[in-house]
Amino acid sequence: MQLARIETSRKTAARGISDEMRPHYQRAMKKLVPLLCDAHAEWKEIVAMKRAMLNQGLQLYGIFEVEPDFLGLPDDPTSDLAGFLRECVGAGYLRSLPKEFER
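Rules behind the numbers
Residues numbered from 1 in each chain as written. Predicted model: local features only at pLDDT ≥ 70, side-chain atom pairs only at ≥ 80, totals over all residues. Heavy atoms only, no water. Helix = DSSP H or I, 4+ residues; strand = E, 2+ residues; numbered from the N terminus. Rg over C-alpha atoms; globule rule 2.2 N^0.38 Å. Buried < 20%, exposed > 50% of the residue type's maximum accessible area, 1.4 Å probe, protein only. Contact = heavy atoms within 4.5 Å. Areas by Shrake-Rupley, 256 points an atom, 1.4 Å probe, with all protein chains shown as cover. Disulfide = S-S within 2.5 Å. Phe/Tyr/Trp six-rings, centres within 6.5 Å; stacked < 30°, edge-to-face > 60°. Bend = angle between axes of the 7 residues up to and from the residue. Core = buried A, V, L, I, M, F, W, Y, C linked by side-chain atoms within 4.5 Å. Axes fitted to C-alpha atoms, helices over the stretch in contact; angles between N-to-C directions. Parallel < 35°, antiparallel > 145°, perpendicular 65-115°, else oblique. Left-handed = near helix turned anticlockwise from the far one by under 90°. Nonpolar A, V, L, I, M, F, W, Y, C, P; charged D, E, K, R; others polar.

Draft legend 1. Summary view of the overall build of the chain. Along the backbone of the chain there are two helices and zero strands. Relative to its length of 103 residues, the chain is extended, with a C-alpha radius of gyration of 21 Å against a globular reference of 13 Å. Taken along the three principal axes of its C-alpha coordinates, the chain extends 75 × 30 × 20 Å. Per-residue burial for the chain yields a buried fraction of 21% across its 103 residues. At a minimum sequence separation of 6, the contacts of the chain that also span at least 24 residues come to 55%. Counting every atom, the chain has about 8000 Å² of accessible surface; 57% of that belongs to carbon and sulfur.

Draft legend 2. Highlighting the state of the cysteines. Applying the stated criterion to the full structure yields zero disulfides. The structure places no disulfide on C37, whose sulfur is separated from the nearest cysteine sulfur, that of C88, by 7.8 Å. Residue C88 is classed as buried on the basis of its relative accessible area of 2%.

Draft legend 3. Structural detail: the packing of aromatic side chains. This model, assessed by the stated rule, comprises one aromatic pair. Judged by centre distance (6.3 Å) and plane angle (85°), the ring pair of Y25 and Y93 falls under edge-to-face. One end of the pair, Y25, is in helix α1 (residues 2–55); the other, Y93, is in the segment after α2 (80–91), with 68 residues separating them in the sequence. Look at Y25 and you get partly exposed, because its relative accessible area is 48%. Residue classification places Y93 among the buried residues on the basis of a relative accessible area of 15%.

Draft legend 4. Just α1, in detail. For α1, the principal kink sits at M21 and spans about 35°; a proline, P23, occurs within the next four residues. Listed in full, the buried residues belonging to α1 are M29, V33, C37, H40, W43, V47 and M53. Looking at the buried residues of α1, the elements they touch are α2.

Draft legend 5. View of the nonpolar core. The biggest cluster of nonpolar side chains holds 14 residues, and the ones touching the most others in it are V33, L85, C88, L94 and F101. Elements with a contribution of two residues or more to this core: α1 and α2. When residues of this core are assigned to their parent elements, the largest contribution, five residues, is made by α1. Once residues within four sequence positions are removed from consideration, V33 is found in contact with F84, L85, C88, Y93 and L94.

Draft legend 6. Inspection of the packing of α1 against α2 at higher detail. As a packed pair, α1 and α2 sit with axes 11 Å apart at the nearest point and diverge in direction by 140°. Here α1 is positioned oblique relative to α2, judged by the angle of their axes. The handedness of the crossing between α1 and α2 is left-handed. Touching M29, V33, L36, C37 and H40 of α1 are L81, F84, L85 and C88, all from α2. The residue makeup of the contact of α1 with α2, split by class, is eight nonpolar, one polar and no charged.

Encoded structure:
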């Protein structure tokens, strides 16, 4: 009986805290998602530059030493970033996907 009351109190408190924190989370996501889209656009430019140089048979000579590989390939609609941005569209944090992620 007491354990049930404690559990009910915990759930009530957790709901209250969640309701209180939700606007902070949503505000942060609305800031974060456009920044990730900007990062994706820049990463797309870097990859295009690298591919163009390699296609011309040019040596890279350390130009691309540090790369954000964790962003995945910028034109891969199955990448983690594409999946995340797809979820963001569904949640309303982003109006539309970058065109290369559309299926």
